[in-house]
Amino acid sequence: MPMYQPSGARRVGDLKFDVGGGGQVIDLETAVKDGILGGGGGLVCGGGVAAEKLDLKKMIEELESIEIPSVFICPISLEPMQDPVTLCTGQTYERSNILKWFSLGHYTCPTTMQELWDDSVTPNKTLHQLIHSWFSQKYSAMKKRSEDVQGRALEILETLKKVKGQARVQALKELRQVVTAHSSAKSTVVDNGGTALISSLLGPFTSHAVGSEAVGTLVHLDLSIESKNSLMQPAKISLMVDMLNEGSIETKINCTKLIDVLMEGQDLESEIASSLSLVVGLLRLIRDKRHSKGVLPGLSLLKTICSHESVRSSVVSVGTVPQLVELLPSLNHECLELALHILEVLSTVEEGREALRCCAKTIPSVVGLLMKVSETCTQLALSILWAVCKLAPEECASVAVEAGLAAKLLLVIQSGCNPTLKQRAAELLKLCSLNYTTTTFISKCKLTRTIQPTLTGRVVHSFTLVKKAVKETVSLLIMNKKEKKLTGL
């Protein structure tokens, strides 16, 4: 809705107002007839019998996104008026809004702040008629466009049943454009068997030109269970995977989104989830530096695939781990959480842990994300680091400490994170301290890397408190380690 901008000469009670700052004062009905209020010319006040049958409230709700003349807007709510009333000052408001204003003990005009010499309100019937007529015309035009779009969608569906070759490609392209631009066309296509018709065009001998347009349409439709089952046929999935690897960026993204929708809630064993060609195509899409808009849908589908435990080793085998680790520094927050989730899931299998350990950038990159992005990212990062350091404590723990892990873990422990996160940080800190004496380990914490040094007393005081907490925490961890060794003896 547009912001209300009161005009200096606006006097709705007298049906006159200033337009466009040009100093010309005209009556309201002339403004509508001349198209100044968007009436389109020739709009007759009164609306007729058909117009009166239209519910004003419903029309306002359905036409919410269009630009509405400011003279129809209530200055109090900044919403279109449905029952306009005029005060003695000549200013017009929505009845319910001005009555609420009065009930709060205000006896002034909200716009001019003049004291009211008469608190009665007068229904502005002329303005009400104009509002109703204007919305009726816009609503009727919208409905006509909607009917035209629905009719065109039906025509295209009939055409698709008859044509082949390039004509089929052209018909599908037009249908995709209609469905993308008009929500009413989506329901028309679905309700008239369009989903099944388009799905039937996909198969082992379908050209990528036809397949690209078909998938581009299907990805915008609400698919039923029957439709999903039909699209899950191996030949159709194979075509989508081929187009994901070889199509345009738009086709790749549409195929990715459609496959993700098909996999939702499905208990898949092999056909989609274990397709190495699919995973390779997704990694190419995610790593494509020319088209960043493919990263989010690519990671989303890869996360869905990795939720199937039986295929995680296969996903690791095509080099997923080092490629995702390489991308971590460049991802936005949403994509970063997805990437960390995938790496955390892959760390639950032996091949995944080994791949994380062998990647030189794993520990520095993941340590850098602790306490930096979000608590979710910190939790996932801790889980990944735990899996790697537990696999090879002597090798990985020292690398992690040198990368600043100890200082980050101490900050997690001292922060307001949830208790589970703190416990995991304490366990990882204990694992990292196994090969160090208390003094050496404290020196390795390198707090100056974590807390920026300044000359302010507050930061110096905070630094002292954290350093004290470091000594207490590390000493406690090492004491516990010694007690366990004595108990073992």
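Analysis parameters
Numbering of residues starts from 1 in each chain and follows the order in which that chain's sequence is written. It should be noted that, the model being predicted, local features are given only for residues of pLDDT at least 70 and side-chain atom pairs only at 80 or more, the latter also being counted only at that level, while totals for whole chains, interfaces and linings use all residues. The side-chain values count all of the structure's non-hydrogen atoms but skip hydrogen atoms and water molecules. Secondary structure elements follow DSSP: runs of H or I no shorter than four residues count as helices, runs of E no shorter than two count as strands, and numbering proceeds from the N terminus. Each residue is placed in one exposure class: buried if its accessible area under a 1.4 Å probe, protein chains only, is under 20% of its type's maximum, exposed if it is over 50%, and partly exposed if it falls in between. Here, residues are in contact when the closest pair of their heavy atoms is within 4.5 Å. Residue-level accessible areas treat just the shown protein chains as cover; the underlying method is Shrake-Rupley with a 1.4 Å probe. Salt bridge criterion: a side-chain nitrogen from Lys or Arg within 4 Å of a carboxyl oxygen from Asp or Glu. As used in this record, nonpolar core signifies buried Ala, Val, Leu, Ile, Met, Phe, Trp, Tyr and Cys residues forming a set joined through side-chain atoms within 4.5 Å. Two aromatic rings, drawn from Phe, Tyr or Trp (for Trp, its six-membered ring), form a pair once their centres lie within 6.5 Å of each other, and the interplanar angle then sorts them: stacked below 30 degrees, edge-to-face above 60, tilted otherwise. Helix axes use the C-alpha atoms of the stretch in contact, all axes being lines fitted to C-alpha atoms, and the angles between their N-to-C directions lie in the range 0 to 180 degrees. Angles are sorted into four bins: roughly parallel if under 35 degrees, roughly antiparallel if over 145, roughly perpendicular if 65 to 115, and oblique for all others. Helix crossings are classified by the rotation of the near helix relative to the far one: an anticlockwise turn of less than a right angle makes the crossing left-handed, while a clockwise turn makes it right-handed. Polar here means any residue other than Ala, Val, Leu, Ile, Met, Phe, Trp, Tyr, Cys and Pro, which are nonpolar, and Asp, Glu, Lys and Arg, which are charged; Gly is therefore polar. In this scheme, a helix's expected span is set at 1.5 Å multiplied by one less than its residue total. Strands are labelled as partners when DSSP assigns at least two bridges between them. Starting at the helix axis, one direction is taken to each C-beta atom, and the arc is that of these directions. Confidence of the predictor at the level of single residues is captured by pLDDT, which takes values from 0 to 100.

**Some points on the overall build of the protein chain**
Stage number 1. From N to C terminus, the protein chain includes 26 helices and 5 strands.
Stage number 2. Within the protein chain, buried positions represent 45% of all 489 residues.
Stage number 3. Here the analysis covers contacts within the protein chain between residues at least 6 apart in sequence; of these, 65% occur between residues at least 24 apart.
Stage number 4. Accessible surface computed for the protein chain: about 24,800 Å², of which carbon and sulfur atoms make up 51%.

**Topic: the pattern of salt bridges**
Should their charged atoms come close, side chains of opposite charge can pair.
Stage number 1. Here the structure, examined in full by the defined rule, presents 10 salt bridges.
Stage number 2. Arg-152 is paired through a salt bridge with Glu-155; the nearest N and O atoms lie 2.8 Å apart. One end of the pair, Arg-152, and the other, Glu-155, are both in helix H5 (residues 125–160), 3 residues apart, so they sit about a helical turn from each other.
Stage number 3. Among the salt bridges present, the one from Lys-361 reaches Glu-326, with a minimum N-O distance of 3.1 Å. Taken together, the positions of Lys-361 in the loop between helix H18 (350–358) and helix H19 (362–367) and Glu-326 in helix H16 (residues 320–327) put the pair 35 residues apart, joining distant regions of the chain.
Stage number 4. Relative accessible area serves as the criterion here: at 42%, Lys-361 is assigned to the partly exposed category.
Stage number 5. Several salt bridges share partner residues, and in doing so they unite Arg-152, Glu-155 and Glu-174 into one network.

**Focus on the nonpolar core**
Stage number 1. Grouped together as the largest cluster of nonpolar side chains are 104 residues, with contacts concentrated most on Met-240, Leu-299, Leu-302, Leu-328, Leu-331, Leu-405 and Leu-428.
Stage number 2. Counting residues in hydrophobic clusters, the runner-up holds 23 residues, among them Ile-68, Tyr-93, Leu-116 and Ile-131.

**Some words on unusual backbone geometry**
Stage number 1. If you check the backbone angles, Leu-78 has positive phi at about 60 degrees while not being a glycine.
Stage number 2. In this structure, Met-113 takes a positive phi of about 65 degrees despite not being glycine.
Stage number 3. By secondary structure assignment, the location of Met-113 is in the loop between helix H4 (95–103) and strand S5 (122–123).

**With respect to the packing of aromatic side chains**
Stage number 1. If you walk through the whole model with that rule in mind, you get 3 aromatic pairs.
Stage number 2. Considering the side-chain rings of Phe-102 and Tyr-107, the 6.4 Å spacing of their centres and the 15 degrees angle between planes classify their relative orientation as stacked.
Stage number 3. Residue class for Phe-102 comes out buried when judged on its relative accessible area of 11%.
Stage number 4. Residues Trp-134 and Phe-135 carry aromatic rings whose centres are separated by 5.0 Å and whose planes lie at 85 degrees to one another, so their mutual orientation is edge-to-face. Side by side, Trp-134 and Phe-135 carry an identical accessibility label, which is buried.
Stage number 5. An aromatic cluster is defined as three or more aromatic residues linked by ring pairs; in this entry it consists of Phe-72, Trp-134 and Phe-135.

**Comments concerning the packing of helix H12 (residues 249–263) against helix H13 (residues 276–287)**
If you want to describe how two helices pack, look at the angle between their axes and the distance between the axes.
Stage number 1. H13 packs onto H12 with a crossing angle of 125 degrees between their chain directions and a minimal axis gap of 11 Å. Relative to H13, the element H12 is oriented oblique. Seen along the crossing, H12 lies across H13 with a hand that is left-handed. Judged by residue contacts, Ile-249, Lys-252, Ile-253, Thr-256 and Ile-259 of H12 engage Leu-278, Leu-282 and Leu-285 from H13.
Stage number 2. In the contact of H12 with H13, the residues fall into 6 nonpolar, 1 polar and 1 charged.

**Here's the deal with helix H6 (residues 165–181)**
Stage number 1. Between its terminal C-alpha atoms H6 stretches 25 Å, which fits the 24 Å expected from 17 residues at 1.5 Å a residue.
Stage number 2. Of the residues making up H6, those classed as buried are Val-169, Ala-171, Leu-172, Leu-175, Arg-176, Val-178 and Val-179.

**Concerning the sheet that holds S5**
Stage number 1. If you walk across this open sheet you meet the 3 strands as S4-S3-S5, and the pairing is antiparallel. Looking along the sheet, the strands with just one partner apiece sit at the ends: strand S4 (92–94) and S5.
Stage number 2. Two strands pair when backbone bridges link them, and strand S3 (residues 84–86) and S4 are joined in this way by 3 bridges, in the antiparallel orientation. If you follow Thr-86 over to S4, its bridge partner there is Thr-92.
Stage number 3. Against the sheet, H4 contacts S3, S4 and S5, and its axis sits at roughly 95 degrees relative to S4.

**A short note on helix H21 (residues 393–402)**
Stage number 1. Regarding H21, the residues found buried are Cys-396, Ala-397, Ala-400 and Val-401. The buried residues of H21 occupy an angular sector of 135 degrees when the element is viewed end-on, so they sit on one face.
Stage number 2. Positive phi shows up at Gly-404, right after H21, with a value of about 95 degrees.

**What to know about the packing of H12 against helix H14 (residues 295–306)**
Stage number 1. Between H12 and H14, the shortest axis-to-axis distance is 9 Å and the interhelical angle comes to 30 degrees. In terms of orientation, H12 and H14 fall into the roughly parallel class. Like other packed secondary-structure pairs, H12 and H14 cross with a definite hand, here left-handed. Residues Ile-253, Thr-256, Lys-257, Ile-259, Asp-260 and Met-263 of H12 pack against Pro-297, Gly-298, Ser-300, Leu-301, Thr-304 and Ile-305 of H14.

**Section: the environment of Leu-411**
Stage number 1. Along the polypeptide, Leu-411 turns up in helix H22 (residues 405–414).
Stage number 2. Remark: the alpha-carbon pair of Leu-411 and Lys-422, spanning 11 residues in sequence, is separated by 9.5 Å.

**Describing the confidence of the model for the protein chain**
Stage number 1. Confidence in the prediction for the protein chain averages 78 pLDDT; 74% of positions are at 70 or higher.
Stage number 2. Long-range and interchain partners of residues 1–26, a stretch whose pLDDT sits below 50, account for 59 contacts in this model, where long-range means more than four residues apart.
Stage number 3. In the model, residues 447–467 has pLDDT below 50 throughout and makes 16 contacts with residues more than four positions away in sequence or in other chains.

**Things to note about the environment of Gly-247**
Stage number 1. Locating Gly-247 in the fold gives a position in the loop between helix H11 (234–246) and H12.
Stage number 2. Since its relative accessible area comes to 22%, Gly-247 is described here as partly exposed.
Stage number 3. For Gly-247 and Ser-212, which are 35 residues apart along the polypeptide, the C-alpha to C-alpha distance reads 7.8 Å.
Stage number 4. In this structure Gly-247 touches Asp-242 and Lys-252, once residues within four positions along its chain are discounted.

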